[in-house]
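So you can see what is in the structure, the chains are spelled out below.
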Amino acid sequence: MAPFCIPLPSFGLPFRGTPNVEKSTLERTTSADSDDTLVSTVTEKSLKAGEQQPVLASAHAAERLAKVRELMKEAKLDYYVVLSEDAHQNEDVAEADKRRQWISGFTGSAGQALIGLETAHLVTDSRYWTQATRQLDTELWTLVTAGAPGSPTNYVGWLSANIRSSRVGIDARTVSLVNAKSIQTALSANDSTLVFPEENLVDIAWGSDRPSPSKAPVVIHPLQFSGCDASEKLADVRKWVHTQGHAGLLESGLSAIAYVLNLRGDDVPYYPVFFSYLFIGLEQTTLFVKPEQLTSEVKEYLAGLNIVTRGYDDVWNFLRQHEWGDDKILINAGATYAVALALGEGRYTVTQSIIESMKGVKNAVEIEGFRKAYTRDGASFVQFFAWLEEAIANGEKVTEWSAAQKLTEYRKLQENFRGLAYEDISSTGPNAALPHYHPTSSSSLPLSLSTPYLNDSGGQYLDGTCDTTRTVFLGSKPTYEQSEAYTRVLQGHIALDSVIFPRGTSGRQLDVLARVKMWKDGLNYGHGTGHGFGSYLAVHEGPHGFGIEVPIVAGNVITNEPGFYKEGSFGVRLESALVVVPVKTKHEFNGPIWLGFERLTCVPIQTKMCLRALMSPEEKAWLKEHNRTCLERLEPLLKHDKRAVKWLKRQARDAARL
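Just so it is clear, the structure is predicted and the values come from calculations on it, not from any experiment.

Definitions and cut-offs
- Counting from 1, residues in each chain are numbered in the order their sequence is written.
- The predicted origin of the model limits local features to residues at a pLDDT of at least 70 and limits the giving and counting of side-chain atom pairs to 80 or more, whereas totals for whole chains, interfaces and linings rest on all residues.
- Excluded from the side-chain calculations are hydrogens and water; all other atoms, namely the structure's heavy atoms, are used.
- Strands are runs of DSSP state E lasting at least 2 residues, helices are runs of H or I lasting at least 4, and numbering of each runs from the N terminus.
- Relative accessibility thresholds used throughout: buried, under 20% of the residue-type maximum; exposed, over 50%; partly exposed, between the two (1.4 Å probe, protein chains only).
- Note on geometry: axes are C-alpha line fits, over the in-contact stretch for helices, and angles between N-to-C directions span 0 to 180 degrees.
- When an angle is under 35 degrees it counts as roughly parallel; over 145 it counts as roughly antiparallel; between 65 and 115 it counts as roughly perpendicular; any other value is oblique.
- Any pair of residues with heavy atoms lying within 4.5 Å of one another is described as a contacting pair.
- Within 3.5 Å is the distance limit for a polar contact, defined as a pair of N or O atoms, with the added protein rule that one can donate a hydrogen and the other accept it, and that residues adjacent in sequence qualify only through two side-chain atoms.
- Here, the term nonpolar core denotes a set of buried Ala, Val, Leu, Ile, Met, Phe, Trp, Tyr and Cys residues that are joined through side-chain atoms within 4.5 Å.
- At least two DSSP bridges between two strands are needed for those strands to be called paired.
- For a helix, the expected span equals 1.5 Å multiplied by the number of residues minus one.
- pLDDT expresses how confident the predictor is about each individual residue, on a scale running from 0 to 100.
- Between 30 and 60 degrees the pair is tilted, below 30 it is stacked and above 60 it is edge-to-face, where a pair is any two Phe, Tyr or Trp rings, Trp via its six-membered ring, whose centres lie within 6.5 Å.
- A ring is considered to have a charge above it if a Lys NZ or an Arg CZ atom is located within 6 Å of its centre and within 35 degrees of its normal.

With that settled, the discussion passes to unusual backbone geometry. Across the junction of Gly542 and Pro543, the peptide omega takes the value 5°, indicating a cis bond. Of note in the backbone geometry, His322 takes a positive phi value of approximately 50° without being a glycine. Along the polypeptide, His322 turns up in the loop between helix H11 (315-320) and strand E13 (329-332). Not every positive phi belongs to a glycine, and Tyr536 is a case in point at roughly 50°. What makes Tyr536 buried here is its relative accessible area of 10%.

What follows is about the packing of helix H16 (residues 480-498) against helix H19 (residues 617-634). At a closest axis distance of 11 Å, the pairing of H16 and H19 adopts a crossing angle of 80°. Regarding the angle of H16 to H19, the classification is roughly perpendicular. Across the interface between the two elements, Leu490, Gln491, His493, Ile494, Asp497 and Ser498 from H16 touch Glu619, Trp622 and Leu623 from H19.

Moving on, we get to the side chain of Gln460. Inspection of the secondary structure assignment puts Gln460 in strand E18 (residues 459-461). Classification of Gln460 by relative accessible area gives buried; the value is 2%. Within the structure, the side chain of Gln460 is placed 3.0 Å from the backbone oxygen of Tyr270, a separation counted as a polar contact. Only 2.7 Å separates the side chain of Gln460 from the side chain of Thr465, close enough to count as a polar contact. Those residues in contact with Gln460 that lie beyond four places of it in its chain are Tyr270, Pro272, Asn416, Phe417, Arg418, Gly419, Leu420, Ala421, Thr465, Tyr536 and Leu537.

Bringing the nonpolar core into the picture now. Within the largest apolar cluster, 86 residues are counted, with the highest numbers of intra-cluster contacts made by Tyr155 and Leu319. By residue number, the principal contributor to this core is helix H9 (residues 254-261), which donates seven residues. Apart from the residues lying within four places of it in its own chain, the contact partners of Tyr155 are Val81, Leu83, Gln112, Leu114, Val123, Val175, Asn179 and Ile183. In terms of nonpolar packing, the next biggest core, distinct from the first, is built from 35 residues, Val489, Met518, Tyr565 and Leu574 among them.

Moving on to the sheet that holds strand E14 (residues 348-351). An order of E12-E11-E10-E8-E13-E14 is seen for the six strands of this open sheet, with the pairing classed as mixed. The sheet terminates laterally at strand E12 (307-310) and E14, the two strands that pair on one side only. Geometrically, the sheet is characterised by an average inter-axis angle of 20° between neighbouring strands, direction not taken into account. The pairing of E13 with E14 spans four bridges and is parallel. The partner of Asn332 across the bridge, within E14, is Thr351.

The next subject is the sheet that holds strand E16 (residues 425-428). One open sheet holds the three strands; their spatial order is E16-E17-E20, and the pairing between them is antiparallel. Here the strands that pair on one side only, and so sit at the sheet edges, are E16 and strand E20 (468-472). Taking the axes of each pair of neighbouring strands and ignoring which way they run, one obtains an average angle of 10° across the sheet. Sheet topology note: the E16/strand E17 (residues 453-457) ladder contains four bridges and is antiparallel. Residue Ser427 lies in a different strand from E17, and its bridge partner there is Leu454. Along the sheet, helix H14 (residues 364-393) contacts E17 and E20; its crossing angle with E17, the most-contacted strand, is approximately 155°.

Look at H14: 44 Å from first C-alpha to last across 30 residues, which is about the 44 Å you get at 1.5 Å a residue. Looking at where H14 begins, the residue whose side-chain oxygen comes 3.1 Å from the main-chain nitrogen of Val365 is Asn363. The positive-phi residue at the C-terminal boundary of H14 is Gly395, with phi of around 80°.

Let us now look at the confidence of the model for the protein chain. Averaged over every residue, the pLDDT of the protein chain is 91; residues scoring 70 or more account for 91%. Below a pLDDT of 50 lies the segment residues 4-56, which in the model reaches 159 contacts outside its immediate sequence neighbourhood of four places, other chains included.

Right, let's get into the packing of aromatic side chains. Counted according to the given criterion, the structure contains 22 aromatic pairs. Taking the centre distance of 5.7 Å and the plane angle of 65° together, the rings of Phe417 and Tyr461 count as edge-to-face. Placement of the pair is Phe417 in strand E15 (residues 417-420) and Tyr461 in strand E18, with a sequence separation of 44 residues. For Tyr461, a relative accessible area of 0% gives the class buried. Between Phe501 and Phe597, the ring centres sit 5.5 Å apart and the planes meet at 45°, which makes this aromatic pair tilted. Of this pair, Phe501 sits in strand E21 (residues 501-502) while Phe597 sits in strand E28 (residues 594-599), and the two are 96 residues apart along the sequence. Judged by its relative accessible area of 2%, Phe501 falls in the buried class. Residue classification places Phe597 among the buried residues on the basis of a relative accessible area of 13%. Counting every residue linked through ring pairs, the aromatic cluster contains Phe381, Phe384, Phe385, Trp387, Tyr453 and Trp647. Sitting over the face of the ring of Tyr259, Lys233 holds its NZ or CZ atom 3.8 Å from the ring centroid.

Structure (structure tokens):
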């Protein structure tokens, strides 16, 4: 899945109880305690092959803006900022937390709505400029192309450049502490103030139409998949907290909580997590979670870990009253400003989450799980591409949407499958030039025989989270431009896959390897080259990644996904998952400090768009070996599908002939 956008050329941002019923004059009931909140979510699924029921948007854009502006006037606000994130800073959010989408009509996963009393701006990065242009009502909204020449790099920059002597509102429960302080600094320089209204104004305007919270049960993630007992993980965290001289750690990241407790849930689309906060003290651990989501089995499991459970919204009283004592506690850098407000100044220290660092280094059981999961997911890809080629040859009409659904059908047959790891990216023609394009049943293109088809998707399995992209040409002969772009992307993919590097090397130092052949022809891409990913958790995971100044260490897993996108025409991306492993070198200079990558992804790479004249003998040999390995690993899983085996053998044969 294409990572977060990174500006070039530099490689390096609650559901409050029962929804309010909207009244004739926007009259409402408010809580006397602004921190007494309950963040909830729901995964609303359509009856159509798992498609999420979308938040209705643009048809009511003017009405919705008018409602929010009335609320702004009541609160004496000049501007109101609506973010994409929820109270736990999740990248993907539940339908109930799609506030920015509801108010603007823009469905991309990244962006901020800046609503003034007379104006409305949508800020987003280069991945979504074309999509936002299509989706916004331009009579009501102005697109801010963050990172473009002459534009601010982000929404804070826009506020700094455009706001003077104003009151700007934002929900403290959705903005991180770090970003809130950046906004305050920018506004104070312009005689402006950041204000935290008691309730989210979009929630009030949305009213009773807002989706209900999830009631999905929390489940235990077995040791056979996690590879490490939760008691050991908690002990490691306590030791670290003790070395920091604090009374405890408040963890608000849902993936981190799920990881350290070996629990999973279903509160956020595609992420097997549950809404909660976790306080790990030196003496006592407390989990704040909705009690109705805990089964008797999970309650017994938590009791065995000496974990006290309390209601999800009890966290605010816990923080305000400093129930752990007089000492300071640690909060992670992703904590919201509401957490800091509840604690009060001088009662916390912000730190990078130790659990995120622990989670980023996979153990032997998790790595073996990835090998198995990616092999099964690869078999599904092969069945899909074999079916797709035959369907196209027979003249069947296949759309971006129906193609994605077919691949999901194959995945559902695999062992340990639990759902998709993220929303399918299935695109052809101009849609493939949008790195994060997602088709729908009502508005997807038929697959083209004259432009490449790009599929970026993956399954969530009990033994691993998968993330793979392949680009194929379904017609007879691609253009030279398409083939050149594909070949250069492939060369970058191979270069990064093949590199050997010493300990201490960061992802940012390696990123250029994926781009150097593209740069030679004046090509580039505006997103990061790769990200970490979870073990039956989030598809985007840190703290490492290509383009990030964090050393890559043995046990990290990371995607390798260079691409190229010609706006309005076509797109190319190749993505494989890698695990960092020790490598023995010829000379071992400075000792056994050398690292390299083992490829987890097991999906052949099509050769139809390869320009042989541009490829070195080493690159051809790499591709031959990759497709041969895919044949050896996948053929035993596909003996029941003669069509898939035939397709698989042809990919190996074509690569051998380069």
